[in-house]
Amino acid sequence: MIPELGNFSLILALCLGLVLGTLPIIGSFRGNQRWMALARPVASGQFVFTSIALLALIYSFIINDFSVTNVASNSNSTLPVYYRFAASWGSHEGSLLLWTWMLMLWTFAVARFSHQLPDETVARVLGVMGLISIGFLSFMLFTSNPLDRLLPGAVDGRDLNPLLQDFGMIIHPPLLYMGYVGFSVAFSFAIAALMGGQLDATWARWSRPWTLVAWVFLTLGIFLGSFWAYYELGWGGWWFWDAVENASFMPWLVGTALIHSLAVTEKRGSFKNWTVLLAIVTFSLSLLGAFLVRSGVLTSVHAFATDPRRGLYLLVFLAVVIGGSLTLYAWRAPKIGVGGKFSLFSRESMLLLNNVLLLAATGAILLGTLYPLFLDALGLGKISVGPPYFDTVFVPLMIPVLLLMAVAPFVRWKDAAFNEVLSRVRWIGLGTLLFTLAAALLFTLSPMVMLGLAFAVWILLATASHLLQRLRNAPVGTSLWQRMSSQTRSYWGMLVGHAGIGVFVIGVTLVNGLETSNEVVMRVGDTTNAGGYTFRMTDLREIKGPNYIAEQGTFDVTYGDKKIATMAAQKRLYTVQNMPMTEAAINRGFTRDLYISMGEAASQDAWVVRVQHKPFVSWIWFGCLIMALGGILAASDRRYRVASRKRQAATAPAVGVEPSKVAV
């Protein structure tokens, strides 16, 4: 009965979606308050019904109900209960239900926290989200039902993919999907604004905190996916430019441009066309990611192998959403106006160039991701576009972005004097140059490593310098704490986010430029070296897990005469699917990771072993976390929190912050 209850709840959610996607929008144009008032309760009802469906699926996995097709295909009685919980979204059907539930969660959140907005705006925003929900709910019910029955029921299940039997599976998909789906809010605000023809600073202020929260979730999702792949796949890499990795990275890049563009629209009333277009493109790329993962057009460890007919549905849905929104944009854009004017050398110009570069980088990634698929679809052969292409086209586009990131905060809005900016950044440039020269004299580093470190130091010094200038300009007689606490959270968010980029660049530069590895055949008693560390195999034995058997190699690691760690790596065989998996051993440190993975058996008592020394690799993920913290700080700025507690007129100014303190 539980799966049937879940199915019935999904049908009711679809019916409510049909109501939400029509009556409130029509009512907003006719001035019908009763129809507009339907938006909030209907959105809440959708959330309740999809929650029931998701709970029904989770319950079916927990109790091993193998009469549900999804459970029989993606679980097993020997699977630990926490992996059974995660297996609820470990398939195409289950992850689609999670995606849809999160869309309902975002819709409910907008309904709950939008009481300060005009009724017409709320009706249109929730109505657009209702239209999006119709597409996903109908797709799920008609092609990908996660609660379909299997008659007769299976005796046992086929087990969850061993790649997904990891703690990362519990939290990575929810975080990633919260980011993907969260951009639907920015998209809905943009479409609602186009419908009403009101694209002003007030609209940008409403939309920006939602966009920042979605960006934070996507940042955390990408970070966790990279970290998970690093320790789970056994090859020791943190990014491979996989097509599905790219599918999450592209909306992140455009979303980054969007939050900067929203800041300009909110502060100066400029970039209104840009902002709307970026909101449309960001969510469109999120939908493109769903198509790539679920259509069967590519093979990836991240993708779901599904019926291509499902891909056709998603392709049509993608065309309708993108085509409809761009048509509305083309109709309304000429009436938007250009907003505030600015000179060629101004903060607006800097941010405009930043947006152009981020879009160019996204276009380069999109080309490299889709071009092989187009060739294959046209029968022109198969090609592989890998890291050499992406590194060649992406890195040069990011160099000016890193330069602008440090300079732009020192440039005034509307119009700036070049000499004034130069006087502010020259000491930063001098400090960067001195650091680079010192590093070149003290260490043997390649030119690319030196360049990467120089950019990181440039960003970090500029961030610190800008903070010091702000503190020096505070009123005389105030304490350091008063000066720091007087800065807005939006400003702190900018500083922290930019500092996170600097830390990230350090990690990427040093691990790519200085990592060492060694791959050898080892028996008990053999030793090998990497990065000055000695690895000695001390034991080799077979162990049994709950649903696998494994060969485990134990290694003592020393540096000179000092013992560093004892590490245990495994080569597992999951017995239900007869699938081998590598479980790497990692000794983590602040400035380096030691990484051991076991390959294939060379003989009965010898295994291929790969040892790696990866300097500063953890700084990559520290940088991502710092960036996410910056987004959280910016989203929690006082002007958004005050506005959420007080109902204001749509044209009221932001509360609790001086205009001069609004930071990008």
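On a predicted model such as this, the values are computed, not experimentally measured, just so you know.

**Student:** It is not clear to me how the overall build of the chain should be interpreted in this structure. Could you clarify?
**Tutor:** Tallying secondary structure elements over the chain gives 21 helices and nine strands in all. Taking 26 Å as the expected radius of gyration for a compact globule of 664 residues, we find that the chain reaches 27 Å, a close match to that expectation. Reported as C-alpha extents along the three principal axes, the dimensions of the chain are approximately 75 × 75 × 55 Å. For the chain, buried positions account for 57% of its 664 residues. Long-range pairs, those at least 24 residues apart, make up 74% of the contacts in the chain between residues at least 6 apart in sequence. Total accessible area on the chain stands at roughly 27,900 Å², and carbon and sulfur atoms take up 66% of it. Between the mean site of the 48 positive side-chain charges and the mean site of the 34 negative ones, the chain shows a separation of 16 Å.

**Student:** Can you walk me through the sheet that holds strand β8 (residues 592-603) in this structure?
**Tutor:** Strand pairing in a sheet relies on backbone hydrogen bonds, with the paired strands running either antiparallel or parallel. In space, the four strands of this open sheet follow the order β1-β9-β8-β7, with antiparallel pairing throughout. The open sheet is flanked by β1 (516-522) and β7 (585-588), the only strands paired with a single partner. Pairwise comparison of adjacent strand axes, ignoring direction, gives a mean angle of 15 degrees for this sheet. Here four bridges tie β7 to β8, and the two strands are oriented antiparallel to one another. Within the sheet, the bridge partner assigned to Arg588 lies in β8 and is Asp593. Along the sheet, helix α10 (residues 201-232) makes contact with β7, β8 and β9 (606-615), crossing β7 at roughly 120 degrees.

**Student:** Before we go on, may I ask you to explain the confidence of the model for the chain in this structure?
**Tutor:** Close inspection of predicted coordinates is inappropriate in any region flagged by low pLDDT. Put simply, the chain has an average pLDDT of 88, and 94% of its residues get 70 or more. The weakest mean pLDDT in the chain belongs to helix α21 (residues 638-645) at 63; the strongest belongs to helix α4 (residues 39-62) at 96. Between residues 647-664, whose pLDDT stays under 50, and residues either more than four places distant or in other chains, the model counts 41 contacts.

**Student:** How do you make sense of α4 when you look at a structure like this?
**Tutor:** Each turn of an α-helix holds 3.6 residues, which means side chains three or four residues apart point in the same direction. The end-to-end C-alpha distance of α4, which contains 24 residues, comes to 35 Å, matching closely the 34 Å that a straight helix rising 1.5 Å per residue would cover. Where α4 terminates, the next one or two residues include Asn64, which has phi positive at roughly 60 degrees.

**Student:** Just checking my understanding: could you explain the packing of aromatic side chains for this structure?
**Tutor:** Here the distance between the centres and the angle between the planes together describe a pair of aromatic rings. In this structure the tally under the stated criterion is 36 aromatic pairs. With centroids separated by 6.4 Å and ring planes inclined at 85 degrees, the aromatic side chains of Trp106 and Phe217 adopt a geometry described as edge-to-face. Of the two residues, Trp106 is situated in helix α7 (residues 92-112) and Phe217 in helix α10; the sequence distance between them amounts to 111 residues. Classification of Phe217 as partly exposed rests on a relative accessible area of 23%.

**Student:** Can you help me understand the pairing of strand β4 (residues 548-559) in this one?
**Tutor:** Residues in a regular strand point their side chains to alternate faces of the sheet. Sheet topology places strand β3 (residues 533-544) next to β4; 10 bridges connect them, and they run antiparallel. Residue pairing for β4: Ile543 is matched across the bridge by Ala550. Hairpin connection between β3 and β4: a loop of three residues separates the two successive antiparallel strands. As judged from the 12 bridges shared by β4 and strand β5 (residues 562-574), these two strands associate in the antiparallel manner. Its bridge partner being in β5, Ala550 is matched across the sheet by Arg572. Hairpin remark: β4 followed by β5, antiparallel, with two residues in the connecting loop; positive phi at Gly560, about 70 degrees.

**Student:** Can you walk me through the packing of helix α1 (residues 2-20) against helix α8 (residues 119-143) in this structure?
**Tutor:** The packing of two helices is summarised by the inter-axis angle and the distance between the axes. Two elements in contact, α1 and α8, have axes separated by 8 Å at closest approach and are oriented at 145 degrees. Seen from above, α1 lies across α8 with left-handed handedness. Listed contacts from α8 to Asn7, Leu10, Ile11, Ala13, Leu14, Gly17, Leu18 and Leu20 of α1 are Leu126, Gly127, Gly130, Ser133, Ile134, Leu137, Ser138, Met140 and Leu141. Across the contact of α1 with α8, the residue classes tally to 11 nonpolar, six polar and no charged.

**Student:** Which parts of the structure should I look at to understand the pattern of salt bridges?
**Tutor:** When charged atoms on two side chains of opposite charge get close, those side chains can pair. This structure, assessed with the given rule, holds 14 salt bridges. Among the ionic pairs, Asp605 bridges to Arg523, the shortest N-O distance being 3.5 Å. Of this pair, Asp605 sits in the loop between β8 and β9 while Arg523 sits in the loop between β1 and β2 (527-530), and the two are 82 residues apart along the sequence. Under the relative-accessibility criterion, Asp605 is labelled partly exposed at 41%.

**Student:** It is not clear to me how the environment of Pro400 should be interpreted in this structure. Could you clarify?
**Tutor:** Note that Pro400 resides in helix α15 (residues 387-407). On the basis of relative accessible area, Pro400 is assigned to the partly exposed category, the value being 27%. Sequence-wise, Pro400 and Gly197 are 203 residues apart; in three dimensions their C-alpha atoms are separated by 35 Å.

**Student:** So what exactly am I meant to see when it comes to the sheet that holds strand β6 (residues 579-583) here?
**Tutor:** The strand order across the open sheet built from five strands is β2-β3-β4-β5-β6, with neighbouring strands paired in antiparallel fashion. Each of the sheet's edge strands pairs with one partner strand only, and the pair in question is β2 and β6. Within the sheet, the average angular offset between the axes of one strand and its neighbour, ignoring direction, is 25 degrees. Strand direction decides the pairing type here: β5 and β6, joined by five bridges, are antiparallel. Residue pairing for β6: Lys571 is matched across the bridge by Thr582.

**Student:** Would you take a moment to explain unusual backbone geometry for this structure?
**Tutor:** When glycine is set aside, most residues are seen to have a negative phi, and most peptide bonds are trans. Look at the link from Leu151 to Pro152: it is a cis peptide, with omega at -5 degrees. Among the secondary structure elements, Pro152 is positioned in the loop between α8 and α9 (168-196). Phi angles above zero are rare outside glycine, and Asp159 is one such case at about 80 degrees. Turning to its location among the elements, Asp159 is positioned in the loop between α8 and α9. In the Ramachandran plot, Asn578 falls in the positive-phi region, its phi being about 55 degrees despite a non-glycine side chain. Structurally, Asn578 is set in the loop between β5 and β6.

**Student:** Can you walk me through α9 in this structure?
**Tutor:** Taking 1.5 Å of rise per residue, the 29 residues of α9 would be expected to cover 42 Å, and the 43 Å separating its terminal C-alpha atoms lies within 8% of that figure. When you tally the buried positions in α9, you get 26 out of 29 residues, the bulk of the element.

What counts, and at which threshold
- Residues numbered from 1 in each chain as written.
- Predicted model: local features only at pLDDT ≥ 70, side-chain atom pairs only at ≥ 80, totals over all residues.
- Heavy atoms only, no water.
- Helix = DSSP H or I, 4+ residues; strand = E, 2+ residues; numbered from the N terminus.
- Rg over C-alpha atoms; globule rule 2.2 N^0.38 Å.
- Buried < 20%, exposed > 50% of the residue type's maximum accessible area, 1.4 Å probe, protein only.
- Contact = heavy atoms within 4.5 Å.
- Areas by Shrake-Rupley, 256 points an atom, 1.4 Å probe, with all protein chains shown as cover.
- Lys, Arg positive; Asp, Glu negative; His and termini not counted.
- Charge placed at Lys NZ, Arg CZ, Asp CG, Glu CD.
- Pairing = 2+ DSSP bridges.
- Axes fitted to C-alpha atoms, helices over the stretch in contact; angles between N-to-C directions.
- pLDDT = per-residue confidence, 0-100.
- Expected span 1.5 Å × (residues − 1).
- Phe/Tyr/Trp six-rings, centres within 6.5 Å; stacked < 30°, edge-to-face > 60°.
- Left-handed = near helix turned anticlockwise from the far one by under 90°.
- Nonpolar A, V, L, I, M, F, W, Y, C, P; charged D, E, K, R; others polar.
- Salt bridge = Lys/Arg side-chain N within 4 Å of Asp/Glu carboxyl O.

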